[in-house]
Amino acid sequence: MRDYQEAFIRFAVECGVLRFGEFTLKSGRVSPYFFNAGLFDSGGRLARLGGFYAAALTASGVACDMLFGPAYKGIPLVAATAIALAREHGRDLPFAFNRKEAKHHGEGGVVVGAPIRGRVLIVDDVISAGTSVRESVAIIRGLGAEPAGVLIALDRQERGVGPRSAVAEVEEGLGIPVISIVRLDHLEAWLAAEGREAEVAAIRAYRARYGAD
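Calculation notes
Residues numbered from 1 in each chain as written. Predicted model: local features only at pLDDT ≥ 70, side-chain atom pairs only at ≥ 80, totals over all residues. Heavy atoms only, no water. Helix = DSSP H or I, 4+ residues; strand = E, 2+ residues; numbered from the N terminus. Buried < 20%, exposed > 50% of the residue type's maximum accessible area, 1.4 Å probe, protein only. Contact = heavy atoms within 4.5 Å. Areas by Shrake-Rupley, 256 points an atom, 1.4 Å probe, with all protein chains shown as cover. Lys, Arg positive; Asp, Glu negative; His and termini not counted. Charge placed at Lys NZ, Arg CZ, Asp CG, Glu CD. Core = buried A, V, L, I, M, F, W, Y, C linked by side-chain atoms within 4.5 Å. UniProt positions renumbered as here; feature names shortened; annotations may be inferred. Phe/Tyr/Trp six-rings, centres within 6.5 Å; stacked < 30°, edge-to-face > 60°. Lys NZ or Arg CZ within 6 Å of the ring centre and 35° of its normal. Salt bridge = Lys/Arg side-chain N within 4 Å of Asp/Glu carboxyl O.

### Describing the overall build of the protein
Here's step 1: A count of helices and strands for the protein gives 7 helices and 8 strands.
Here's step 2: Within the span of the protein, comprising 213 residues, buried residues form 47% of the whole.
Here's step 3: Pairs at least 24 apart in sequence give 69% of the contacts found in the protein among residues at least 6 apart.
Here's step 4: When the accessible surface of the protein is summed, it comes to about 10,300 Å², and 51% of that surface belongs to carbon and sulfur atoms.
Here's step 5: A distance of 3 Å separates the average location of the 25 positive side-chain charges in the protein from that of its 25 negative side-chain charges.

Printed below as a string of structure tokens:
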């Protein structure tokens, strides 16, 4: 595990974004942990979060010409990532995001920000069903550009409706890589290093039932 990944897990726990216990998910599954990126809810937290996204992108080596944030959660995430890339890595990339509904006055259209062109990296919180990613890919390709990949905070490594994870389905179905700041593997390793045996056991049991590579 890289230093920034361990630091991100600690940061998420400190912010209450990552919690442990019993949580009923939208799918009906009872998870031993819960991740709510909406609780990165202050300027300071968002600034630090952007730094972790930028570190993960830099470490991945994935090439891109600009960033795109799917409405609505992806909007602050893409802005924070762009700021961190410029300040911490010397990469001043343009970014854009979409509206949920097309605007028919003023500049019009569904996209706000820099023109969509070249290799476009999508920035989001997690991939559940992959709906926002597919919508983003359709927008990007519809404007004559190409998706370079997807950057998310956490890969739950969990099966969707089929035997594969939502991340694997996106990678295979859309032909683009998915980069995550951390995966569930990292979270399990961190808990083990912290001596939190009960949480490790709960996550391993959950993975045995719902896990995917």
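### So, the nonpolar core
Here's step 1: Formed by 44 residues in total, the largest nonpolar core has its most connected members in Phe8, Phe35, Phe40, Leu57, Leu67, Ile181 and Leu187.
Here's step 2: The dominant element in this core, judged by the number of residues it contributes, is helix H2 (residues 43-60), at 7 residues.
Here's step 3: Excluding its chain neighbours within four sequence positions, the residues that come into contact with Leu67 are Leu57, Val78, Thr81, Ala82, Leu85, Leu93, Pro94, Phe95, Ala96, Val120, Leu121 and Val123.
Here's step 4: Judged by nonpolar contacts, the second largest core, of 21 residues, contains Ala145, Val170, Ile176 and Val178.

### Observations concerning the UniProt feature "binding site: orotate" (unreviewed entry) in the protein
Here's step 1: Here, UniProt's "binding site: orotate" (unreviewed entry) annotation points to Phe34, Phe35, Ser128 and Arg156. These annotated residues cover 123 residues of sequence, and their C-alpha atoms lie no more than 13.1 Å from one another, placing them together at a single site.
Here's step 2: Here Phe34 lies in strand E2 (residues 30-35).
Here's step 3: Non-local contacts of Phe34, meaning those with residues more than four positions away in its chain, are made with Val17, Leu18, Arg19, Phe23 and Leu25.
Here's step 4: Take Ser128: it is sitting in the loop between strand E6 (119-123) and helix H4 (131-142).
Here's step 5: What makes Ser128 exposed here is its relative accessible area of 57%.

### Description of the packing of aromatic side chains
Here's step 1: Using the criterion set out here, one finds 7 aromatic pairs in the structure.
Here's step 2: A ring pair is formed by Phe8 and Phe35, whose centres lie 6.4 Å apart and whose planes are at 50°; its orientation type is tilted. One end of the pair, Phe8, is in helix H1 (residues 3-14); the other, Phe35, is in strand E2, and 27 residues separate them in sequence. Phe35 matches Phe8 in its accessibility class, with the two residues each being buried.
Here's step 3: Judged by centre distance (5.4 Å) and plane angle (70°), the rings of Phe8 and Phe52 are edge-to-face. Of this pair, Phe8 sits in helix H1 while Phe52 sits in helix H2, and the two are 44 residues apart along the sequence. Each member of the pair, Phe8 as well as Phe52, carries the same accessibility label: buried.
Here's step 4: By way of ring pairs, the aromatic residues Phe8, Phe11, Phe35, Phe40 and Phe52 are connected into one cluster.
Here's step 5: Looking at Arg48, its charged tip hangs above the ring of Phe11, at a distance of 4.3 Å from the centre.

### Focus: the pattern of salt bridges
Here's step 1: If you walk through the whole model with that rule in mind, you get 15 salt bridges.
Here's step 2: Across the salt bridge formed by Arg10 and Glu194, the nearest N and O atoms sit 2.7 Å from each other. Residue Arg10 is found in helix H1, and its partner Glu194 is found in the loop between helix H6 (184-193) and helix H7 (197-210); the two are separated by 184 residues along the sequence.
Here's step 3: Here Glu194 falls in the partly exposed class, since its relative accessible area comes to 37%.
Here's step 4: A salt bridge links Glu199 to Arg196; its shortest N-O distance comes to 3.1 Å.
Here's step 5: Put simply, Asp155, Arg183, Asp185, Glu188, Arg204 and Arg207 are held in one network by salt bridges that share partners.

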